[in-house]
Amino acid sequence: MASVEVRIDKGPPAQPGPPPGAGRRRAPWHLRANALVVAWLGATVAVAVAGEGLPAPRWLLIHVFLLGAVSTAVLIWSEHFAVALLRARTPDPRGSLARLALLNGGALAVLYGVAAGPAAVAVGGAGAVVGVVVWHAAALVRLARRALPGRFGHVIAWYVCAAGALAAGGTLGGLLAAHVAGGAAYERLQAAHAQVNLLGWVGLTVVGTLFTLWPTVLRTRMPERTRRASVLGLRLAVPGLALLVGGLLADLRVVAAVGLAVYAAGALAALVPLAEAVRSRRPHTGAAWMLGAGVVWFEVALAADVVVVAGRAPGEVAAGLEPLLPLVVAGFVGQVLLGSLLHLLPAVLGGGPARFKENAALLERGWAVRLAAFNAGVPLLALPVPRPLEVLGWALVLAPVAVFVALAALALVRAAERARPGSGGPDGGGPDGGRAGAAWTSPARAGVVAGCLLTAAAVVVAVTGAPASAPQVAATGARTVEVTLSGMRVRPAVIEAAPGTVLTLRVTNTDAQRHDLRLGTGERTPMLAAGQSAVLTLAPLGGPVEGWCTVAGHRAAGMTLRIVPVGALAGPAPDAAGAAAGTGAGADASGTGAGATGHGAHGAAADRAAAGGGLDLGAPMSPGWRPYDAALKPAPGGTAHEVEIRVDDRAVLEVAPGVRQRMWTFNGTVPGPVLRGRVGDVFTVTFVNGGTMGHGIDFHAGANAPDGVMRTIQPGERLTYRFRADFAGAWLYHCSTMPMTQHIASGMYGAVVIDPPGLSRVDREFLLVQGELYLGEPGGDAQVARLREGRPDGWMFNGTAAGYDHAPLQAKAGERVRIWAVAAGPSSGTALHVVGAPFDTVYKEGAYLLRAGDAGGAQVLDLAPAQGGFAELVFAEPGVYPVVDHTMRQAEGGAHGLFRVGAR
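The model shown is predicted, which means the values in this text are computed figures rather than measured ones.

Asks: How do you make sense of the overall build of the protein chain when you look at a structure like this?
Replies: For the protein chain, the count of helices and strands is 24 helices and 28 strands. The proportion of buried residues among the 904 residues of the protein chain is 57%. Taking as baseline every contact in the protein chain between residues at least 6 positions apart, the subset at least 24 positions apart corresponds to 74%.

Asks: Sorry, what's going on with the environment of R562 here?
Replies: For R562, the location among the structural elements is in strand β8 (residues 560-565). For the pair formed by R562 and P492, sequence separation is 70 residues and the distance between their alpha carbons is 8.9 Å. Of the polar contacts made by the side chain of R562, one reaches the side chain of E546; its length is 3.3 Å.

Asks: Mind showing me how you'd approach the packing of aromatic side chains here?
Replies: For any pair of aromatic rings, the description rests on two quantities: the centre-to-centre distance and the angle between the ring planes. According to the stated counting rule, one finds 17 aromatic pairs in the structure shown. Here F666 and F687 contribute two aromatic rings whose centre-to-centre distance is 6.2 Å and whose plane-to-plane angle is 70°, an arrangement assigned as edge-to-face. Here the residue F666 occupies a position in strand β11 (residues 659-666), and F687 occupies one in strand β13 (residues 682-688), the gap between them amounting to 21 residues. Both residues of the pair, F666 and F687, belong to the buried class. Residues F683 and F723 carry aromatic rings whose centres are separated by 5.2 Å and whose planes lie at 15° to one another, so their mutual orientation is stacked. You can see F683 sitting in strand β13 and its partner F723 sitting in strand β15 (residues 718-724), a full 40 residues away along the chain. There is no split in this pair, since F683 and F723 are both buried. Among the aromatic residues, those joined into a ring-pair cluster are F666, F683, F687, F699, Y721, F723 and Y733.

Asks: Teacher, can you tell me more about the side chain of S78 here?
Replies: Structurally, S78 is set in helix α2 (residues 57-86). Owing to a relative accessible area of 3%, S78 belongs among the buried residues under this scheme. Among residues more than four places away in sequence, those in contact with S78 are H136, L140 and Y159.

Asks: Help me understand the packing of α2 against helix α5 (residues 154-178) in this model?
Replies: For any two helices packed against each other, one specifies the inter-axial angle together with the distance between the axes. Orientation of α2 relative to α5, taken along the N-to-C sense of each, is 160°, at an axis distance of 10 Å. By the angle between their directions, the pair α2 and α5 is classed as roughly antiparallel. The two elements α2 and α5 cross, and the hand of that crossing is left-handed. On the side of α2, the interface is formed by S78, F81, A82, L85 and L86, while α5 contributes V155, I156 and Y159. Considering only residue class, the contact of α2 with α5 consists of seven nonpolar, one polar and no charged.

Asks: Teacher, can you tell me more about the pairing of strand β16 (residues 729-734) here?
Replies: Every other side chain in a regular strand lies on the same face of the sheet, so the side chains alternate between the two faces. Buried residues dominate β16, accounting for five of its six residues. Bridge count between β16 and strand β17 (residues 749-755): six bridges; the pairing is antiparallel. Bridge pairing in β17 links A730 to V753.

Asks: Honestly, unusual backbone geometry in this entry has me stumped. Any pointers?
Replies: With glycine set apart, most residues show a phi of negative sign, and most peptide bonds adopt trans. In this structure, P492 follows R491 across a cis peptide bond, with omega equal to 0°. By secondary structure assignment, the location of P492 is in the loop between β2 (489-491) and β3 (494-497). Following G825, the chain continues into P826 via a peptide bond in cis, with omega recorded as 15°. Note that P826 resides in the loop between β21 (816-825) and β22 (830-834). Positive phi, normally seen in glycine, also occurs at N798, with a value near 50°. Classification of N798 by relative accessible area gives buried; the value is 3%.

Definitions and cut-offs
Residues numbered from 1 in each chain as written. Predicted model: local features only at pLDDT ≥ 70, side-chain atom pairs only at ≥ 80, totals over all residues. Heavy atoms only, no water. Helix = DSSP H or I, 4+ residues; strand = E, 2+ residues; numbered from the N terminus. Buried < 20%, exposed > 50% of the residue type's maximum accessible area, 1.4 Å probe, protein only. Contact = heavy atoms within 4.5 Å. Polar contact = N/O pair within 3.5 Å; in protein donor to acceptor, adjacent residues only side chain to side chain. Phe/Tyr/Trp six-rings, centres within 6.5 Å; stacked < 30°, edge-to-face > 60°. Axes fitted to C-alpha atoms, helices over the stretch in contact; angles between N-to-C directions. Parallel < 35°, antiparallel > 145°, perpendicular 65-115°, else oblique. Left-handed = near helix turned anticlockwise from the far one by under 90°. Nonpolar A, V, L, I, M, F, W, Y, C, P; charged D, E, K, R; others polar. Pairing = 2+ DSSP bridges.

Structural data, given as structure tokens:
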């Protein structure tokens, strides 16, 4: 993030952003910390799935997400952005890690203390959170004071004010947990707590970040009025938020409404530059669309919030905000967090531009479907719809989050694997990747493990927290009991009834604040406002039943109920949590479900190879397969040649009989198009990246500075590569993006043939480019492991193992045949040999080793990786002549074909 993007095409300069710095050195704590964000997101999904199996399920869901995932992300990225935007020296990471640890410890204490534990634990946790954000704000101020004046300094003020908002919100949360107020005062306290945290801590941070993040994601220029809009927006938003919170606490509706209106005006003023950026370039990635959708939901929720605050007494605002929470928490905050992580996480993982694009492609896989599902689900959670539609809404919202968590965890684990010392990839051994990747060797693994444990813990709680099944008994009678909820008590607190009694509870909330009642056997009332009632009917009483209010902190404060069969043994009430859990639901937690493994290669032959049986090179080729045309055309006339080479890294090709898989290609073929000319010719290549990640190109036949025309360009970009062929030979060209092993092995190579002066005419010319074959999805874990170990699944002539066995090359007896050859590797060469036909001419690496008419002959054209040359021969009689790599392991692995020689 501390770098500035550079565009390939002419156009406005881009804003600071992660893509160009994706492979540069990153502070190790960012790498570790993002695993925690992913873990909190996983815990959020688990808590949502557990639902009623947890104490205070709605409160837990909101706070696991906001206090856990969102606050952790804000703490990480606001400091990271501040360092980058101020161009400040990275502070000692020990302080950052200490704040992060304290925040997460405080969050866990709040969650436990409010949901199940003593109130003092929650109050202590809230105090820790407040202390962290005050410390965080001080660190940001210190960074700003030490930095030189810059154009992005205004963003830091938003972060500092946001931290102040959480300090206020955390203090209010601690007061709520301590139950210092009741009735309408409690409701006003809760409303102020929600507003200052959502609009302050989250809202101010998001708006401040979007000034630079939004243009970066769109890859467009930051609007000129950004700074002015930022200053104006903050000057309105902060005082407005203060008036809103003060008005709610003081029971002054007009003050609160005016304050919210001023805040909304500030937010809208700040968002004007974002709209201008969209006019320059529309969203084109999953990250951009999610961020944009999040901003739209923020505006919708803000308008609805104004209506609620202006139309209700402060003591009723908290109840009025309930329907808006899905719009804010899911629609706005959830999508902004996911969109930000989609864009930023690939940069944090490091590994160079190629790895950045690979990780970005992984994380954005299926983004359009995920975006549509998420935004279709949000209204279903906010509107009063039937229960089946509400469940559908939860599924639509949670499924994209779960998919992101899975993909992010996969990306994190892959980064950890690539960072192993001696791995050979740029993440593990490159000049930058080694430093960035080193952070992954143990700390990031610990982060991922911690994330898995957090998620697993939430799932365990979900399973063990299932409603208890009371013993089934026959009904012996019926009874109705009036139950009131008031003053943090359920009255009566104990109900005794004969076994078999069918109890009907008429539950009424006589308090000024909202309550509900949930029973350990699963029955529960809706959330009841003051004066509202509900009826619960139980099954025939067969054993003790526990009940409690699910509002955060109310159960711990003593708002519980116990129903006891008459004649049951006297004694202390069992722990409410244990009673609620009962014996569990008997859910299968074995985790042994079958899964599908994707090799990226398709067909029975691929399955056989993946199972360790090797390629079946004698199997037939698929219907419709066409071999790469090995016949080489003569050099065209003229001295200037223009060609377009376009990246296609989604091509699915048949790489062996019956085996089709995705390959990364130039112009959709392996090898790419052949360039041919004479010494002194000039080639102008328009290189277009039509792929899904960064790629480059390197022509060995030219003399050019590598940091110019060989640079990596991003999808949709193009460059012009011009070189003069000063030397004759058979030259390799290949993708220049690291890791080159991966890109070359995935098919990104081709040949340039420059005729030696005075090259004699022959009857036929062929070109064979030999490459290694690695089955599986390019970049997949199994494939990468074999690449590092140098264990190809096979070898290919012109992109297909044994392809010319099935489509033999044609010649006639007595014809002079020239075979050009290039060894593409990436790690093995070739010993080209034609069985039954010695070579009388051999040209290798720009020089003749043997000429026709010499007394000697040759049996192989031996080439190391990236070398090229040609050999000539005359077939003495008709027949079928194998052409092989005489490295027998490689020949038997697919580097062989046939010449079918007919009579002349």
